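Breakdown of the fold
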Amino acid sequence: KMKKKLVVLTGAGISAESGIKTFRDADGLWEGHDVMEVATPEGFEKNPKLVLEFYNQRRAQLHKVKPNAGHYVLAELEEIFDVHIITQNVDNLHEQAGSSNVLHLHGELFKARSTKDKSYIIEWKKDLVLGDCDPNGYQLRPHIVWFGEAVPAIETAVVIAQQADYFAVIGTSMQVYPAAGLLHYTKPNVPVFYIDPKPATLYDLPNSLEIIKATATKGVPVLKEKLMSFTI
């Protein structure tokens, strides 16, 4: 029997419980830096060294953290569903937990790419410094979608959303576009679950929405139970 397709959109909230801080909590400062300095193409042009160092620190932190129950239970759901995770997160905690279909909308911290040739993307787990170049001598940059840059993976994400039998949103405020728009591509009558300790108000949703008011570690096991009841 064909597995039903479960599509899960995840944001910073699921990684927060693993100890990865998110700048959206505070006043637009990210680890003491103005976001515009460290997460825009202009910031990189102005002070590439600062930006590289900033992401080196994020990368170093990622080496120390572990997935949490939210990540692990999503990986377990692959036994029952065809699970596709679309994440706004740049960490690899979904992959560490064992999820096999993960689409990163905003890039990946453990990858670097050429500043010139967009298709040159490589695994990169150590510090990235000035002088680290692609084979043609162009500086490498973090493989991160910065503010003001296009989100190339969004078209793939739309196709995945259109195929969903169930859709879940975990740990994202749904204020970040284009990700928030994905819900509007789901087929009618697809059940949507929204897991968040402080759920935002979502307007004009096409489908029935069930809110699970909890953090990811508490909420994803609840989601699993609810989904199991559909499959019996």
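Coordinates for the structure precede this section.
The sections below set out a description of the structure shown in this document.

1. Brief notes about the overall build of the chain
Along the chain, the regular secondary structure elements total eight helices and eleven strands. The C-alpha atoms of the chain give 18 Å as radius of gyration, which agrees with the globular expectation for 232 residues (17 Å, within 12%). Counting only C-alpha atoms and orienting by the principal axes, one finds that the chain spans roughly 55 × 40 × 35 Å. When the 232 residues of the chain are sorted by exposure, 49% land in the buried category.

2. Observations regarding the layout of surface pockets
Of the voids in this model, the second largest pocket is the one considered here, and its volume is about 250 Å³. Lining the second largest pocket are 14 residues; nearest its centre among them are Arg113, His143, Val145, Ala150 and Pro152. If you tally residues by element for the lining of the second largest pocket, the top one is strand β6 (residues 107-114), at three residues.

3. A closer look at the packing of aromatic side chains
Counting across every chain of the model gives six aromatic pairs. Between Phe44 and Trp146 the ring centres are 5.3 Å apart and the planes differ by 40 degrees, which places this aromatic pair in the tilted class. Of this pair, Phe44 sits in helix α3 (residues 41-46) while Trp146 sits in the loop between β8 (140-144) and α7 (154-162), and the two are 102 residues apart along the sequence. For the pair formed by Phe44 and Trp146, the shared burial category is buried. Geometrically, the ring pair formed by Phe193 and Phe230 is edge-to-face, given 6.3 Å between the ring centres and 70 degrees between the ring planes. Separated by 37 residues along the polypeptide, Phe193 in strand β10 (residues 192-195) and Phe230 in helix α8 (residues 216-231) bring together distant segments of the chain. Classification of Phe193 as buried rests on a relative accessible area of 2%. What makes Phe230 partly exposed here is its relative accessible area of 43%. In this structure an aromatic cluster arises from ring pairing among Phe44, Phe54, Tyr55 and Trp146. Geometry around Phe54 places Arg58 over its ring, the cationic atom sitting 4.4 Å from the centre. Across the ring face of Trp124, the terminal group of Lys126 is positioned such that the distance to the ring centre comes to 4.0 Å.

4. Some details on the sheet that holds strand β5 (residues 102-104)
The parallel open sheet is built from six strands, whose spatial order is β5-β4-β1-β9-β10-β11. Of all strands in the sheet, those bounded by a partner on one side alone are β5 and β11 (209-212). Averaged over all neighbouring strand pairs, the angle between strand axes comes to 20 degrees, with direction disregarded. In this sheet, strand β9 (residues 166-170) lies alongside strand β1 (residues 5-10) in parallel orientation, the contact comprising five bridges.

5. Section: the pattern of salt bridges
Working definition: two side chains of opposite charge can pair if their charged atoms are close together. Taken as a whole, this structure holds six salt bridges when the rule is applied. With its nearest N and O atoms 3.5 Å apart, the salt bridge here joins Asp82 to Lys5. One end of the pair, Asp82, is in strand β4 (residues 82-87); the other, Lys5, is in strand β1, and 77 residues separate them in sequence. On the basis of relative accessibility, which here comes to 25%, the residue Asp82 falls in the partly exposed class. In this structure, Lys187 engages Asp165 in a salt bridge whose closest nitrogen and oxygen atoms are separated by 4.0 Å. Of this pair, Lys187 sits in the loop between β9 and β10 while Asp165 sits in the loop between α7 and β9, and the two are 22 residues apart along the sequence. Residue classification places Lys187 among the partly exposed positions, given a relative accessible area of 37%.

6. Considerations on the side chain of His143
When you line up the elements, His143 lands in strand β8. In this structure the side chain of His143 is engaged in a polar contact, spanning 3.1 Å, whose partner is the side chain of Arg113.

Rules used in this analysis
Residues numbered from 1 in each chain as written. Predicted model: local features only at pLDDT ≥ 70, side-chain atom pairs only at ≥ 80, totals over all residues. Heavy atoms only, no water. Helix = DSSP H or I, 4+ residues; strand = E, 2+ residues; numbered from the N terminus. Rg over C-alpha atoms; globule rule 2.2 N^0.38 Å. Buried < 20%, exposed > 50% of the residue type's maximum accessible area, 1.4 Å probe, protein only. 1 Å grid on protein atoms, 1.4 Å probe; cavity = no way out; pocket = protein on both sides within 12 Å on 5 of 7 lines; lining within 4 Å. Points joined across faces, edges and corners; volume = space filled by probe spheres on them. Phe/Tyr/Trp six-rings, centres within 6.5 Å; stacked < 30°, edge-to-face > 60°. Lys NZ or Arg CZ within 6 Å of the ring centre and 35° of its normal. Pairing = 2+ DSSP bridges. Axes fitted to C-alpha atoms, helices over the stretch in contact; angles between N-to-C directions. Salt bridge = Lys/Arg side-chain N within 4 Å of Asp/Glu carboxyl O. Polar contact = N/O pair within 3.5 Å; in protein donor to acceptor, adjacent residues only side chain to side chain.

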